[in-house]
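Each chain is listed here by its residues.
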Amino acid sequence: MPIATPEVYNEMLDRAKAGKFAYPAINVTSSQTLHAALRGFAEAESDGIIQISTGGAEFLGGQHNKDMVTGAVALAEFAHIVAKKYDVTVALHTDHCPKDKLDGYVRPLLAVSEERVKAGQNPLFQSHMWDGSAETLADNLAIAQELLERARAAKIILEVEITPTGGEEDGVSHEINDSLYTTVDDAIRTAEALGLGEKGRYLLAASFGNVHGVYKPGNVVLRPELLKELADGVAAKFGKASPFDFVFHGGSGSTEQEIATALENGVVKMNIDTDTQYAFTRPVADHMFRNYDGVLKVDGEVGSKKTYDPRTWGKLAEAGMAARVVEACANLRSTGTKIK
């Protein structure tokens, strides 16, 4: 089944954790970037995660009314159809959703899946993210408890971000400073509030210096070894080894060693957006520069339909992004691990 059932999604995450690999979680903003992600996974023989942020969903909803729920539902329904042509399994996920957008994004999408499950179907999305990193930890976890209960009932996994990731993501920004490192106390408070699986499964985006967006080497100090400290601290208190399914945010520009350390310490999902955006756009820019007089009607000429036809440069964009997804699978050790 190309779109993972709740049971298969759980199996995917269990396999990643046991095998110390992670799934690339690729942000998409169109049917074409969806195909690029699916193609990359298929070429790498890796299962994966397709995700849609609030901004991506708004864009997908069309610029006439910019409805996030419409955009997310439309792409998810489209994915359920086209993914059948790819010999891999993918989970659908919604990315960063802050407090002021919950009522316009995650809660309505949960309601869609709740109705589907009541009708004997699988949920439309396999996981949703609640980004409470801008709130106090107490408020963050209180909202997470409410969402986790609803998610569990709808057979959905919740992702929570308990402390800030630096940089900017869809209008939510945090400074790059010492607050970008989750403490053992933060992790313990999370386990106390959300449990360790008995209240519903959740993915944990803990901060170890992560920053969204583009940055040059040396500007960000990642400490992926911190994840082991968090896990060990919670394990010592609650008696459960390897208690969390960690998510790596802000991974663009990370070194292979940083990624490897994160995988060894429990990361099962790594978000990739900035790098795949560039990989999609770079071939388009190359095409436009090389075919300037064809894509534009210069000096009264008529241009060349073959060069400005969106299919011409769109194919190049899809191939470029797919290649970057293949690279991500290799970095995260998911190549060749697809469920047979």
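Residues numbered from 1 in each chain as written. Predicted model: local features only at pLDDT ≥ 70, side-chain atom pairs only at ≥ 80, totals over all residues. Heavy atoms only, no water.

Undergrad: Tell me about the overall build of the chain, and please be specific about residues and values.
TA: The helix and strand tally for the chain stands at 13 helices and 10 strands. Against the 2.2 N^0.38 benchmark of 20 Å for 340 residues, the chain shows a C-alpha radius of gyration of 20 Å, consistent with a compact globule. Counting only C-alpha atoms, the chain reaches 75 × 50 × 40 Å along its principal axes. Partitioning the contacts of the chain with sequence separation of at least 6, the portion at a separation of at least 24 is 74%. Accessible area of the chain: about 14,800 Å², with a carbon and sulfur share of 53%. Taking the average place of the 35 positive charges on the side chains of the chain and the average place of its 47 negative ones, the gap between the two points comes to 6 Å. (Helix = DSSP H or I, 4+ residues; strand = E, 2+ residues; numbered from the N terminus. Rg over C-alpha atoms; globule rule 2.2 N^0.38 Å. Contact = heavy atoms within 4.5 Å. Areas by Shrake-Rupley, 256 points an atom, 1.4 Å probe, with all protein chains shown as cover. Lys, Arg positive; Asp, Glu negative; His and termini not counted. Charge placed at Lys NZ, Arg CZ, Asp CG, Glu CD.)

Undergrad: If you had to explain the environment of Arg 324 to someone new, which residues and values would you point to?
TA: Mapping Arg 324 onto the fold places it in helix H13 (residues 310–331). Of the residues examined, Arg 324 reaches a relative accessible area of 16% and is grouped as buried. Those residues in contact with Arg 324 that sit more than four places away from it in its chain are Asp 275, Thr 276 and Ala 279. (Buried < 20%, exposed > 50% of the residue type's maximum accessible area, 1.4 Å probe, protein only.)

Undergrad: Mind laying out the nonpolar core, listing which residues take part and the relevant values?
TA: Side chains of a nonpolar character, in soluble globular proteins, are inclined to be buried together. The biggest cluster of nonpolar side chains holds 82 residues, and the ones touching the most others in it are Tyr 105, Val 160, Phe 244 and Phe 246. Setting aside its immediate chain neighbours within four residues, Tyr 105 contacts Ile 52, Ser 53, Thr 54, Ala 57, Met 68, Val 69, Ala 72, Thr 94, Asp 95 and Cys 97. Residues Ala 4, Met 12, Tyr 23 and Val 268 belong to the second largest nonpolar core, which totals 15 residues. (Core = buried A, V, L, I, M, F, W, Y, C linked by side-chain atoms within 4.5 Å.)

Undergrad: Account for the side chain of His 128, with residues named and values stated.
TA: Note that His 128 resides in strand S4 (residues 127–131). Each residue touching His 128, except ones within four places of it in the same chain, is listed here: His 93, Thr 94, Val 106, Leu 109, Leu 110, Ile 156, Ile 157, Leu 158 and Glu 159.

Undergrad: Break down the sheet that holds strand S9 (residues 245–248) for me, citing the residues and quoting the values.
TA: Taken together, 8 strands build a closed barrel; the order of strands is S1-S2-S3-S4-S5-S8-S9-S10 and the barrel is parallel. Looking at each pair of strands side by side, their axes are set apart by 25 degrees on average, direction ignored. Of the pairings in the sheet, the one linking strand S1 (residues 23–27) to strand S10 (residues 267–272) comprises 4 bridges and is parallel in character. Residue Pro 24 lies in a different strand from S10, and its bridge partner there is Met 270. (Pairing = 2+ DSSP bridges. Axes fitted to C-alpha atoms, helices over the stretch in contact; angles between N-to-C directions.)

Undergrad: I'd like a description of the layout of surface pockets, backed by residues and values.
TA: Put simply, the second largest pocket is a space of about 170 Å³. Lining the second largest pocket are 13 residues; nearest its centre among them are Lys 20, Ser 242, Glu 264, Asn 265 and Gly 266. When residues of the lining of the second largest pocket are traced back to their parent elements, those giving at least two are helix H8 (226–238) and helix H9 (256–264). In terms of residue count, the dominant contributor to the lining of the second largest pocket is H8 (4 residues). When its residues are assigned to classes, the lining of the second largest pocket shows 5 nonpolar, 3 polar and 5 charged. (1 Å grid on protein atoms, 1.4 Å probe; cavity = no way out; pocket = protein on both sides within 12 Å on 5 of 7 lines; lining within 4 Å. Points joined across faces, edges and corners; volume = space filled by probe spheres on them. Nonpolar A, V, L, I, M, F, W, Y, C, P; charged D, E, K, R; others polar.)

Undergrad: An account of the packing of aromatic side chains is needed here, citing residue identities and associated values.
TA: Scanning the model with the defined rule gives 4 aromatic pairs in all. Taking the centre distance of 5.6 Å and the plane angle of 55 degrees together, the rings of Phe 244 and Phe 246 count as tilted. By the burial criterion, Phe 244 is buried, and Phe 246 matches it. Feature note: the residues Tyr 202, Phe 244 and Phe 246 constitute an aromatic cluster, connected by ring pairs. The lysine or arginine in question, Lys 237, covers the ring of Phe 238, its NZ or CZ lying 6.0 Å from the ring centre. (Phe/Tyr/Trp six-rings, centres within 6.5 Å; stacked < 30°, edge-to-face > 60°. Lys NZ or Arg CZ within 6 Å of the ring centre and 35° of its normal.)

Undergrad: With reference to specific residues and values, describe the pattern of salt bridges.
TA: Considering all chains together, one arrives at 19 salt bridges under this definition. One salt bridge connects Asp 103 with Arg 107, and the closest N-O pair in it is separated by 2.7 Å. The partner of Asp 309 in a salt bridge is Arg 311, and the shortest N-O contact between them spans 2.8 Å. Relative accessible area serves as the criterion here: at 12%, Asp 309 is assigned to the buried category. (Salt bridge = Lys/Arg side-chain N within 4 Å of Asp/Glu carboxyl O.)

Undergrad: Please set out the pairing of strand S2 (residues 48–52) residue by residue, giving values where relevant.
TA: Across the 5 residues of S2, 5 count as buried, placing the element largely inside the fold. Of the pairings in the sheet, the one linking S1 to S2 comprises 3 bridges and is parallel in character. Counted as the bridge partner of Ala 25 is Ile 49 from S2. Pairing of S2 with strand S3 (residues 90–94), which is carried by 5 bridges, proceeds in the parallel orientation. Looking at S3, one finds that Gln 51 is bridged to His 93.

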